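# Per-entry structural report
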Amino acid sequence: MPSNDISIKYSTVTELNKYVKNYLESNFVLQNIFLKGEISSYKKYPSGHAYLTLKDDQSNLNAVIWSYQNHLSFVPKIGDQVLIRGRVNFYDKDATFKVSIFDMQLDGQGAMLLKLEKLKKKLSAEGLFDESRKKQIKKFNFKIIS
C-alpha cells in the first residue's frame, strides 16, 4: 500500500468506465470508422435491431444495426464479406464496446466460408458423407449407482 504522506485519488470502476466511454465516443476517427470483415453470427430481433459478429483471420468484433438505421440493400447472412461504416459505442455498465453500423455493403463471400465449403467438397468427393459409410452407435449398458 502507498505511504500515508502521498495523496492518491482512487477512482471508482464507474468513474473509469465513464472516462473510457467519453474518450472513445468523442474520438472523431472512432465515430466514423470503415471496416471490412466477415459475418460470423447474425440475429435479427422482433424490435428490428440486428446483432452480429464481424471477424477476420485474427479477431472478432460485436456490432449492431439499430432498427432506425436498418435500410440495407441486402439481407446479411453468415459468411458474407462486408464493408461497413459505423461508430464505436462503449457500454460502461459492463465495459464492452461494439460498432453501431450506419451502412453495410456486400463485398462477396468471406474467405473462411469459402475454405469450409472447399473442405466439405473435398470430403464429399472422398465419400465421407455417404449414407452407406454411417455406422450405428453402440449401445452402452451401464448402471447409475447412488
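The notes below deal with the structure included here. It should be emphasised that the depicted structure is a prediction, and the values quoted were computed from it without experimental measurement. (Residues numbered from 1 in each chain as written. Predicted model: local features only at pLDDT ≥ 70, side-chain atom pairs only at ≥ 80, totals over all residues. Heavy atoms only, no water.)

Another point: the overall build of the protein chain. For the protein chain, the helix and strand inventory stands at two helices and five strands. On C-alpha atoms alone, the protein chain measures out to a radius of gyration of 24 Å, which is more than a quarter above the 15 Å that the 2.2 N^0.38 rule sets for 146 residues. A principal-axis box enclosing the C-alpha atoms of the protein chain has dimensions of 75 × 60 × 30 Å. Within the span of the protein chain, comprising 146 residues, buried residues form 26% of the whole. Across the protein chain, contacts joining residues at least 24 apart in sequence account for 54% of those joining residues at least 6 apart. Carbon and sulfur atoms make up 57% of the accessible area of the protein chain, which totals about 11700 Å². If the 23 positive side-chain charges of the protein chain are averaged to one point and the 15 negative ones to another, these points end up 9 Å apart. (Helix = DSSP H or I, 4+ residues; strand = E, 2+ residues; numbered from the N terminus. Rg over C-alpha atoms; globule rule 2.2 N^0.38 Å. Buried < 20%, exposed > 50% of the residue type's maximum accessible area, 1.4 Å probe, protein only. Contact = heavy atoms within 4.5 Å. Areas by Shrake-Rupley, 256 points an atom, 1.4 Å probe, with all protein chains shown as cover. Lys, Arg positive; Asp, Glu negative; His and termini not counted. Charge placed at Lys NZ, Arg CZ, Asp CG, Glu CD.)

Turning next to the environment of Q31. With respect to the helices, strands and loops of the structure, Q31 is situated in the loop between α1 (13-25) and β1 (33-44). For Q31, a relative accessible area of 21% puts it in the partly exposed group. Taking the C-alpha atoms as reference points, Q31 and L119, separated by 88 residues in sequence, lie 39 Å from one another. Among residues more than four places away in sequence, those in contact with Q31 are L24, E25, G86, R87, V88 and F102.

What follows deals with the pattern of salt bridges. Applying the stated criterion across every chain, the model contains five salt bridges. Taking the shortest distance from any N to any O, the salt bridge between K9 and E15 comes out at 3.6 Å. Its relative accessible area of 65% is what places K9 among the exposed residues. The residue K21 makes a salt bridge to E25 at a minimum N-O spacing of 3.3 Å. With K21 and E25 both in helix α1, this residue pair falls four residues apart, about one helical turn. (Salt bridge = Lys/Arg side-chain N within 4 Å of Asp/Glu carboxyl O.)

Scanning the entire structure with this criterion turns up three aromatic pairs. Each ring, one from Y45 and one from Y51, has its centre 5.6 Å from the other, and the planes form 80 degrees; the classification is edge-to-face. Connected via pairs of aromatic rings, a cluster forms that spans Y45, Y51 and W66. (Phe/Tyr/Trp six-rings, centres within 6.5 Å; stacked < 30°, edge-to-face > 60°.)

This part covers the nonpolar core. Counting 15 residues, the largest nonpolar core has L52, I101 and M104 as the members making the most contacts within it. Where this core is concerned, the elements lending two or more residues are β2 (50-55), β3 (60-65), β4 (80-91) and β5 (96-109). (Core = buried A, V, L, I, M, F, W, Y, C linked by side-chain atoms within 4.5 Å.)

Let's shift gears to the environment of N89. Tracing the backbone through its elements, the reader meets N89 in strand β4. The class for N89 is buried, based on a relative accessible area of 9%. Taking the C-alpha atoms as reference points, N89 and Q136, separated by 47 residues in sequence, lie 51 Å from one another. Apart from the residues lying within four places of it in its own chain, the contact partners of N89 are E25, T96, F97, K98 and S100. Within the local environment of N89, its side chain forms a polar contact with the side chain of S100, the two groups lying 2.3 Å apart. (Polar contact = N/O pair within 3.5 Å; in protein donor to acceptor, adjacent residues only side chain to side chain.)

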